[in-house]
Amino acid sequence: MKQYFSLLAVAAVAACSLTSCNEDEETIRLKPVVTSDGVFVVNSGHKSGGIEGTLTYYDYAQAAAAQKVYQAANGEALGETPNHAVVYGSKIYIVGSGEQTVFVADRKTLKKVENIKVEVNGKAATPRQAVAGYGFVYVSTYSNAVVAIDTLTNTIATTYKSGDYSEGMAIENGVLYVANSNYGQGKQENAFPSISVISLATKESVTFTDDLLNNPVDIKIANRRMFVLDSGQYDENWNQVGAGVFELSNGKVTKCADATEMAVSGTKVFMINAPYTNPTTEPTYKVYDTEVNIPASFCDGSDIKYPGKISVDPVKGYVYITSYNMGSSGYADYKAEGYCVIYNGKGEKQGEFDCGVGAGYVIPNASVEYVQQ
């Protein structure tokens, strides 16, 4: 039977190796195993409707969802427009754009650890998304900067220069890649959409631009290849045009597929294409396999009334699509509670659960356990 060890057990083994343990005793060898207990759903609420944001938790063991779990644990809400979150170590970091705050809580109990006010050069900044690695949580902002939160002290340790209106990010080999949307305003005289390439060790930042990138909002790495989600532009009738997933390779940008949302797991890029148009464009759901470089149908979308975000739990292999419910007018009801549909990697429905108002990103509650080899 496999035996699992906590981080304290690992520390004890390390201490033993440095002191007077019997050399004849068998060496205990441990390997890290990533596990996932469930997922959080970041519900943004509805600012103009006076509906505060919440956190939903779906428990794999119980196959059930609990609503407003942060509020239940702390007796206080997440305020205006929580936008994103990341689980790292023993904590969850919830990005509150409207509150200009990162809410830090224990990932199991949801008890508050710290509320970190996000500032850049001494001024309050609007945080957008978060990624984690190397002992830090990196938070993009609308102040031409990414801030690095030290996870031991829960303070902003470093500020990195980025492009205009930073959104989604990815980390690989000590480099932080940042999608800078320029707030969908396209190319201007002193501001423009771009990708920032930042060395975390030296803080050196390089800016990449391309005529095909007009509104980059997210960036992911799949199969050691980089993919950018671009929200495109709006024409004179407010129809969304040009949105898609683009690959950035060797300084060249190539469009892979039309898309308005993107998530990555392993070698696959999962996509929703639901541009804002009048009349409405029927949404499509596709998967781009980087082994064959061809987009294919993922699911027919019959379970989705009006798509929100697409996310993945790479540990379990599940794909999540959040959805708004439809109102009496026949359009999405942005003030009503939404729901989330669970698929496997083949696009087969595995389940469904209710969420809060403005159901958005789904965040795996993943952790590292240590198993004896």
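Conventions and cut-offs
- Residues numbered from 1 in each chain as written.
- Predicted model: local features only at pLDDT ≥ 70, side-chain atom pairs only at ≥ 80, totals over all residues.
- Heavy atoms only, no water.
- Salt bridge = Lys/Arg side-chain N within 4 Å of Asp/Glu carboxyl O.
- Buried < 20%, exposed > 50% of the residue type's maximum accessible area, 1.4 Å probe, protein only.
- Helix = DSSP H or I, 4+ residues; strand = E, 2+ residues; numbered from the N terminus.
- Pairing = 2+ DSSP bridges.
- Polar contact = N/O pair within 3.5 Å; in protein donor to acceptor, adjacent residues only side chain to side chain.
- Contact = heavy atoms within 4.5 Å.
- Axes fitted to C-alpha atoms, helices over the stretch in contact; angles between N-to-C directions.
- Core = buried A, V, L, I, M, F, W, Y, C linked by side-chain atoms within 4.5 Å.

(A) Highlighting the pattern of salt bridges. One pass over the structure, following the stated rule, counts 11 salt bridges. Between Asp 258 and Lys 255 there is a salt bridge, with its nearest N and O atoms 2.7 Å apart. Judged by relative accessible area, which is 37%, Lys 255 ranks as partly exposed. Notably, a salt bridge pairs Lys 349 with Glu 352, separated by 2.9 Å at the nearest N-O pair. A single salt-bridge network, built from bridges that share partners, covers Asp 303, Lys 349 and Glu 352.

(B) View of the pairing of strand β11 (residues 127-133). The buried fraction of β11 is high, at six of seven residues. Across five bridges, the pairing between β11 and strand β12 (residues 136-141) is antiparallel. Following the sheet pairing, Gly 133 is matched in β12 by Phe 136. Counted between consecutive antiparallel strands, the loop separating β11 from β12 contains two residues, among which Tyr 134 sits at a positive phi close to 60°.

(C) Representation of the side chain of Ser 166 within the structure. Along the chain, Ser 166 falls in strand β15 (residues 166-172). Judged by its relative accessible area of 0%, Ser 166 falls in the buried class. One polar contact links Ser 166 to Ser 162, side chain to side chain, over a distance of 2.7 Å. With sequence-adjacent residues up to four places away left out, Ser 166 is seen in contact with Arg 128, Ser 140, Thr 141, Tyr 142, Val 178, Ala 179 and Asn 180.

(D) Spatial organisation of the sheet that holds strand β17 (residues 194-199). If you trace the four strands from one edge of the open sheet to the other, you get β15-β16-β17-β18, paired in antiparallel fashion. Of all strands in the sheet, those with a lone pairing partner are β15 and β18 (205-208), marking the two edges. Taken over all neighbouring pairs, the strand axes of this sheet differ in orientation by 20° on average, direction set aside. Direction of pairing for β17 relative to β18: antiparallel, over a ladder of four bridges.

(E) Structural detail: unusual backbone geometry. For the bond running from Asn 278 to Pro 279, omega is 10°, close enough to zero to count as cis. Mapped onto the secondary structure, Pro 279 falls in the loop between β26 (268-273) and β27 (284-289). Look at Lys 68: it is not a glycine, yet its phi comes out positive at around 50°. Residue placement: Lys 68 occurs in the loop between β4 (64-66) and α2 (69-74). The partly exposed category is assigned to Lys 68, whose relative accessible area is 44%. Although it is not a glycine, Asn 250 adopts a positive phi angle of roughly 55°. A relative accessible area of 79% means that Asn 250 is categorised as exposed.

(F) The pairing of strand β28 (residues 294-299), seen in detail. Alignment of β27 against β28, held across five bridges, turns out to be antiparallel. When the bridges of β28 are listed, Tyr 288 appears paired with Pro 295. Connecting β27 to the antiparallel partner β28 that follows it, the hairpin turn spans four residues, and Asn 293 within it adopts a positive phi of roughly 60°.

(G) The arrangement of the sheet that holds β26 in detail. Pairing within the open sheet is antiparallel, and its four strands lie in the order β25-β26-β27-β28. Whereas interior strands pair on both sides, the edge strands pair on one side only; in this sheet they are β25 (261-265) and β28. Each strand axis lies, on average, 30° off the axis of its neighbour in the sheet, ignoring direction. Direction of pairing for β25 relative to β26: antiparallel, over a ladder of five bridges.

(H) Representation of the environment of Val 33 within the structure. Here Val 33 shows up in strand β2 (residues 30-43). Separated by 57 residues in the primary sequence, Val 33 and Ser 90 place their C-alpha atoms 15 Å from one another.

(I) View of the nonpolar core. Core analysis: the largest hydrophobic core is formed by 17 residues, its most contacted members being Phe 40, Leu 55, Tyr 70, Ile 92, Ile 94, Leu 110 and Ile 363. A total of three residues in this core trace back to one element, the largest contributor, which is α2.

Nothing here speaks to function; it is geometry throughout.
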